[in-house]
Amino acid sequence: MPPLKKELKENTKHGSNVFPLASYFCRGKKFNINIGMHWHPEVEINRFEKGTFIFNYAMKEYKIEGPCIAISPGNVLHNLVIKRGSDQSSLVFNPSIIEFNYFDEVEAQLLKFLTEGGKQMPPLITKEMECFERADSLLRFIIDNASSQSGSMRLRIKAHLVELLAIMYENGLFLTDSLSKTEDFEHKQQKIKDLLTFINDHYSEKISMNDAANYLKVSRQYFCRYFKKSTGMSFVDFINDLRLRRACQEIVLTSKSITDIALDHGFDNIGYFFKLFKIKFGQTPLAYRKSRSLGNYGRLGADDYSIY
């Protein structure tokens, strides 16, 4: 069994060294999918096909209704809640895939955005925009063909990706104002990255809100407001959700007893664990184990097997 990751930075390899681009799908789920807070150096473009989504980007929460397209540049914290019954697909790629040999000011500006992001986020293409149908068609083509091994298809994918980024550029999604990030913005983002890494390292222990507040060297009252604003969840809900996701990995990937898994992931009250699990997944842990197989899941979030 592969090791279960506890790192906030996503380490999943997207595509190959030769063609660092991959697509992922999440459709028709009967329960909410919570893709945990994480970051990665690759660019992520989400195609919200239909339904309702909660997108937390750079410590701000956005409610999004599909159809819509949102781009997440690399190295910026984000998470996504896909509401039950909603359909979503995404493209993840290394920005080096669109680099050209000769210097171009537009390319330099675009690459800066794709690797650093900005504070006025997330840039969206909505169905009300004139460019939506063209952009959506390009993105759908790339996502549907991302796994192709054909050299000619990969060239077409690159061409479609450059055209998609050009549409975003000409519609003002990469304006200079959206690229500017203050030292305060950078500091706050690094602060929450450090905090979430601390929580990921200690989530299976008896970690309290006071522990987390002390880690940031702030008062409990300030921490409550700060954490809710940054993650879109209360501290208790965040910890419970993280424990459930980690426990769920082991339930599917191992044959360990449900009780041992619950205890290993910070639940000292087994009844409480069963109650929360049923609320989140709509099934008991044992029923969930029986109904799931590893092959049914692609990458949905920051873990190797994201079965949230």
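Before reading on, note that the structure itself is shown above.
Residues numbered from 1 in each chain as written. Predicted model: local features only at pLDDT ≥ 70, side-chain atom pairs only at ≥ 80, totals over all residues. Heavy atoms only, no water.

Caption draft 1: Structural view of the overall build of the protein chain. For the protein chain, the count of helices and strands is 11 helices and 9 strands. Evaluated residue by residue, the protein chain yields a buried proportion of 52% over its 308 residues. Within the protein chain, contacts between residues separated by at least 24 positions form 73% of all contacts whose residues are at least 6 apart in sequence. Counting every atom, the protein chain has about 14,600 Å² of accessible surface; 51% of that belongs to carbon and sulfur. (Helix = DSSP H or I, 4+ residues; strand = E, 2+ residues; numbered from the N terminus. Buried < 20%, exposed > 50% of the residue type's maximum accessible area, 1.4 Å probe, protein only. Contact = heavy atoms within 4.5 Å. Areas by Shrake-Rupley, 256 points an atom, 1.4 Å probe, with all protein chains shown as cover.)

Caption draft 2: Structural context of the sheet that holds strand S1 (residues 21-26). In spatial order, the strands read S1-S8-S3-S6-S9; together these 5 strands make up an open sheet with antiparallel pairing. Of all strands in the sheet, those with a lone pairing partner are S1 and strand S9 (124-126), marking the two edges. Put simply, the sheet's adjacent strands are angled 15° from each other on average, direction ignored. With 3 bridges connecting them, strand S6 (residues 68-72) and S9 associate as antiparallel partners. Bridging from a neighbouring strand, Ile69 pairs with Ile125 of S9. In the packing of helix H2 (residues 132-145) onto the sheet, contacts are made with S1, strand S3 (43-50), S6, strand S8 (87-93) and S9, and the angle to S3 comes to roughly 110°. (Pairing = 2+ DSSP bridges. Axes fitted to C-alpha atoms, helices over the stretch in contact; angles between N-to-C directions.)

Caption draft 3: Spatial organisation of the environment of Ile35. Inspection of the secondary structure puts Ile35 in strand S2 (residues 33-38). In the structure, Ile35 is positioned 210 residues away from Arg245 in sequence and 9.5 Å away in space, judged by C-alpha atoms.

Caption draft 4: View of the sheet that holds S2. With antiparallel pairing, the 4 strands of this open sheet are ordered in space as S2-S7-S4-S5. Unpaired on one side and paired on the other, S2 and strand S5 (60-65) mark the two borders of the sheet. Neighbour to neighbour, the strand axes of the sheet diverge by 15° on average, direction disregarded. Here S2 pairs with strand S7 (residues 78-82) via 4 bridges, running antiparallel. Along S7, the bridge assignment pairs His38 with His78.

Caption draft 5: A look at the packing of aromatic side chains. Under the defined criterion, the tally for this structure stands at 16 aromatic pairs. Between Phe227 and Phe235 the ring centres are 5.6 Å apart and the planes differ by 75°, which places this aromatic pair in the edge-to-face class. We note that Phe227, like Phe235, is buried. Every member of this aromatic cluster is reached through a ring pair, and the members are Phe31, Phe267, Phe273, Phe274, Phe277, Phe281 and Tyr288. The cationic tip of Lys191 hangs over the ring face of Tyr226; the distance from NZ or CZ to the ring centre is 5.7 Å. A cation over an aromatic ring shows up here: Lys280 above the ring of Phe281, its NZ or CZ 5.6 Å from the ring centre. (Phe/Tyr/Trp six-rings, centres within 6.5 Å; stacked < 30°, edge-to-face > 60°. Lys NZ or Arg CZ within 6 Å of the ring centre and 35° of its normal.)

Caption draft 6: Spotlight on the side chain of Arg243. Structurally, the position occupied by Arg243 is in helix H8 (residues 235-253). For Arg243, which is buried and forms no salt bridge, the nearest opposite charge comes from Asp268, at a distance of 7.0 Å. (Lys, Arg positive; Asp, Glu negative; His and termini not counted. Salt bridge = Lys/Arg side-chain N within 4 Å of Asp/Glu carboxyl O.)

Caption draft 7: Highlighting the packing of H8 against helix H10 (residues 270-281). One can describe the packing of H8 onto H10 by two numbers: an axis separation of 11 Å at closest approach and a directional angle of 85°. Taken together, the axes of H8 and H10 lie roughly perpendicular to each other. Along its contact with H8, which presents Asn240, Asp241, Leu244, Arg245, Ala247, Cys248 and Ile251, the element H10 presents Tyr272, Phe273, Leu276, Phe277, Lys280 and Phe281. Among the residues making up the contact of H8 with H10, the classes are represented as 9 nonpolar, 1 polar and 3 charged. (Parallel < 35°, antiparallel > 145°, perpendicular 65-115°, else oblique. Nonpolar A, V, L, I, M, F, W, Y, C, P; charged D, E, K, R; others polar.)

Caption draft 8: Spatial organisation of the pattern of salt bridges. Going through the model one piece at a time under the given rule, you end up with 10 salt bridges. Between Arg47 and Asp136 there is a salt bridge whose closest N-O contact spans 2.7 Å. Linking Arg47 in strand S3 with Asp136 in helix H2, this pair joins segments that are 89 residues apart in sequence. Assigned by exposure class, Arg47 and Asp136 land together as buried. Ionic contacts of the salt-bridge type, sharing partners, join the residues Arg27, Arg47, Glu49, Asp136 and Arg140 into one network.

Caption draft 9: Spotlight on the nonpolar core. Core analysis: the largest hydrophobic core is formed by 32 residues, its most contacted members being Leu21, Ile45, Ile71, Leu91, Leu161, Leu165 and Met168. Element by element, the count of residues in this core is highest for helix H3 (residues 151-170), at 7 residues. Those residues in contact with Leu165 that lie beyond four places of it in its chain are Ile71, Ile98, Leu110, Leu114 and Phe174. Core analysis: the next-biggest nonpolar cluster, separate from the first, contains 28 residues, Phe31, Val252, Leu276 and Tyr288 among them. (Core = buried A, V, L, I, M, F, W, Y, C linked by side-chain atoms within 4.5 Å.)

Caption draft 10: Seen up close, unusual backbone geometry. Put simply, Gly66 and Pro67 share a cis peptide bond, and its omega is 5°. Its location among the elements puts Pro67 in the loop between S5 and S6.

Caption draft 11: Here's a closer look at helix H6 (residues 209-216). All of the buried residues in H6 are Met209, Ala212, Ala213 and Leu216. With its buried residues spanning 100° around the axis, H6 presents them on a single face. (Arc of directions from axis to C-beta.)

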